[in-house]
Structure formats: structure tokens, C-alpha cells
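Survey of secondary and tertiary structure
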Amino acid sequence: MDTKLLDILACPVCKGPLQYSKSRQLLVCRADRLAFPIRDGIPVMLEDEATRLEPTDALLQN
């Protein structure tokens, strides 16, 4: 994923920052506990396509 793209992308729900999970090919919004998939190198920034994360999910830790 291009770092310049990561710098300008924001959560479509809260407009907050996203974190990139390279191993799982996801963009994660910690505030909303949502994980947006990256398919064929393209982030799918639709709330309906996002996965809701549990508070204990390792992607929310750190």
C-alpha cells in the first residue's frame, strides 16, 4: 500500500486516522472499531463492507 495514500485516507464514518495492517490487508479505525478490507491493492472504504472488531481484537491493541 502506498504510504502517500495512507497519509490522506481517513475513516469514512468518523473521519479519524486509519492504521494499516499489512499482514491482514486491512485499514483499521480504532475509534469506530472497524476494519476496511483492501482488495487487489484498493481500499474498500464503505461502511457496509467493513468488519466490526471486538475490543479484544489484536488489531485494536497497542
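Just so you know, the residues in each chain are numbered from 1, in the order the chain's sequence is written. Only residues with pLDDT of 70 or above have their local features reported here, since the model is predicted, and side-chain atom pairs are shown and tallied only from 80 upward, although totals for entire chains, interfaces and linings are computed over all residues. As a rule here, side-chain values come from all non-hydrogen atoms in the structure, and water together with hydrogens is ignored.

1. A look at the pairing of strand 2 (residues 26–29)
Think of it in three bands: residues with accessible area under 20% of the maximum for their type are buried, residues over 50% are exposed, and the middle band is partly exposed, with areas taken using a 1.4 Å probe on protein chains only. Secondary structure is summarised from DSSP: a helix means a run of H or I of at least four residues, a strand means a run of E of at least two, and numbering begins at the N terminus for each. Burial of strand 2 is two-sided: the residues Leu-26 and Val-28 facing one way and the residues Leu-27 and Cys-29 facing the other way are all buried. The criterion for strand pairing is that DSSP finds at least two bridges linking the strands in question. Two strands pair when backbone bridges link them, and strand 1 (residues 19–21) and strand 2 are joined in this way by three bridges, in the antiparallel orientation. Within strand 2, the position partnered with Gln-19 by the bridge is Val-28. Remark: four residues form the turn of the hairpin made by strand 1 and strand 2, two consecutive strands paired antiparallel; Gln-25 in that turn has positive phi of roughly 50 degrees. Relative to strand 3 (residues 34–39), strand 2 is paired through four bridges, and the arrangement is antiparallel. Within the sheet, the bridge partner assigned to Cys-29 lies in strand 3 and is Leu-34.

2. Some remarks on the pattern of salt bridges
Within this document, salt bridges are pairs made up of a side-chain nitrogen of Lys or Arg and a carboxyl oxygen of Asp or Glu, the two lying within 4 Å of each other. The tally for this structure, following the rule as stated, stands at two salt bridges. Note that Asp-57 and Arg-24 form a salt bridge whose closest N and O atoms lie 3.6 Å from each other. Placement of Asp-57 in the segment after strand 5 (51–52) and of Arg-24 in the loop between strand 1 and strand 2 is noted, with a sequence separation of 33 residues between them. Judged by relative accessible area, which is 18%, Asp-57 ranks as buried.

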